[in-house]
Amino acid sequence: MCRGGCAKCLGTALIPLAVLCTLANILLFFPGGKVVENKLHITDEVWCFGGILGSGVLMIFPALVFLGLKNNDCCGCCGNESCGKRFAMFSSIIFAAVGVLGAGYCFVVSAVALNKGPKCYTGTEWTYPFQDRNYLGNHSLWKECQLPENIVPWNLTLFSLLLIMSGIQAVLCGIQVVNGLIGTICGDCTCCGCCGGDGTV
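Residues numbered from 1 in each chain as written. Predicted model: local features only at pLDDT ≥ 70, side-chain atom pairs only at ≥ 80, totals over all residues. Heavy atoms only, no water.

A. Main features of the overall build of the protein. For the protein, the count of helices and strands is 4 helices and 2 strands. The helix and strand sequence of the protein, counted from the amino end, reads α-α-α-β-β-α. Scored against the burial criterion, the 201 residues of the protein give a buried share of 41%. For the protein, the proportion of contacts with a sequence separation of at least 24, taken over those separated by at least 6, is 69%. On the protein, roughly 10,100 Å² of surface is accessible, and the fraction owed to carbon and sulfur atoms is 67%. (Helix = DSSP H or I, 4+ residues; strand = E, 2+ residues; numbered from the N terminus. Buried < 20%, exposed > 50% of the residue type's maximum accessible area, 1.4 Å probe, protein only. Contact = heavy atoms within 4.5 Å. Areas by Shrake-Rupley, 256 points an atom, 1.4 Å probe, with all protein chains shown as cover.)

Here you go:
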């Protein structure tokens, strides 16, 4: 398979992941599936926009670049004849690195949020009751969060999804780094007769 074809497959996989990460982050602004009266009652890590910025917006750019590599002809890219396949593959490495950084940001934010636990009302104040406790292994602690209702499973599910999906995105972008490096050094694929020449370009 040509390197551009491989990149297109990776780009196709990144798009739905970016959309899902964005939706997961948006849902986190509605603890327990309800609108909060005070935005200060929302878990701090939600405001880091890990799913919206890191695994969402920043992931769209590399995904679009990967998708466009398949359509580049052998003699140029983006309508510029001086820009060949090798340069296009090299540029994809840069965008893949951006994708890794974005996914890594979302991964770290999600991991911190899962370790810290959600912000909730314990009966006396809005705080993080599980910050220094193992609430993941002891479900009996969850009842300490009185409001919002079901905030613990809500945050746990959505941040876990963000953690998993951002991890997958990082792996896919990492694959493109290797794919792009090979394409830059060895050429994208065999394009016989391209621009009057033979062999790889």
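Read on, since the account is not over.
B. Just empty space enclosed by the protein, in detail. For the structure shown, the criterion picks out 1 cavity of 30 Å³ or more. The computed volume of the largest cavity comes to approximately 30 Å³. Within the residue set of the lining of the largest cavity, elements represented by two or more residues are α2 (50-69), α3 (85-116) and α4 (151-186). A per-element tally of the lining of the largest cavity places α3 first, with 3 residues. (1 Å grid on protein atoms, 1.4 Å probe; cavity = no way out; pocket = protein on both sides within 12 Å on 5 of 7 lines; lining within 4 Å. Points joined across faces, edges and corners; volume = space filled by probe spheres on them.)

C. Quick look at the nonpolar core. Among the nonpolar cores identified, the biggest contains 29 residues, and L14, L28, V46, M59, F66, F159 and L162 are the most heavily contacted of them. With near-sequence residues (within four places) excluded, L28 lies in contact with I42, V46, W154, N155, L158, F159 and L162. Counting 8 residues, the second-largest nonpolar core is a separate cluster that includes W142, C145, I151 and V152. (Core = buried A, V, L, I, M, F, W, Y, C linked by side-chain atoms within 4.5 Å.)

D. Layout of the layout of surface pockets. In this structure, the largest pocket encloses a volume near 200 Å³. Considering the residues around the largest pocket, the lining is formed by K34, V35, V36, E37, N38, H41, W126, L147, P148 and E149. Of the residues assigned to the lining of the largest pocket, the class counts are 5 nonpolar, 2 polar and 3 charged. (Nonpolar A, V, L, I, M, F, W, Y, C, P; charged D, E, K, R; others polar.)

E. Inspection of a nonpolar patch on the surface at higher detail. Together, L53, V57, L58, F61, F87, F90, I94, F95 and V98 make up an exposed nonpolar region whose accessible area comes to about 770 Å². Residue assignment for the nonpolar patch shows that the elements contributing at least two residues are α2 and α3. Broken down by element, the nonpolar patch gets its largest block of residues, 5 residues, from α3. With respect to the element layout, F90 can be found in helix α3. (Patch = residues over 30% accessible without salt bridge, like charges linked within 9 Å, V, L, I, M, F, W, Y side chains within 5 Å. Salt bridge = Lys/Arg side-chain N within 4 Å of Asp/Glu carboxyl O.)

F. Seen up close, unusual backbone geometry. Cis rather than trans, the peptide bond between L147 and P148 has omega equal to -10°. In this structure, P148 sits in the loop between β2 (126-127) and α4. Despite not being glycine, F49 shows a phi value in the positive range, around 55°. Phi at N150 is positive, roughly 60°, even though this residue is not glycine. Assignment of secondary structure puts N150 in the loop between β2 and α4. The exposure class assigned to N150 is exposed, which follows from its relative accessible area of 55%.

G. A look at the packing of aromatic side chains. Scanning the entire structure with this criterion turns up 5 aromatic pairs. Plain terms: the ring middles of F29 and F49 are 5.7 Å apart, the flat faces sit at 35° to each other, and that makes the pair tilted. A residue pair is termed long-range when its members are at least 10 positions apart, and F29 in the loop between α1 (3-27) and α2 and F49 in the loop between α1 and α2 qualify at 20 residues. Among the residues examined, F49 registers a relative accessible area of 29% and is labelled partly exposed. Each ring, one from F130 and one from Y135, has its centre 5.0 Å from the other, and the planes form 15°; the classification is stacked. Aromatic rings pair up to connect F29, W47 and F49 into one cluster. The cationic tip of K116 hangs over the ring face of Y128; the distance from NZ or CZ to the ring centre is 4.1 Å. (Phe/Tyr/Trp six-rings, centres within 6.5 Å; stacked < 30°, edge-to-face > 60°. Lys NZ or Arg CZ within 6 Å of the ring centre and 35° of its normal.)

Any link to function would need more than the numbers given here.
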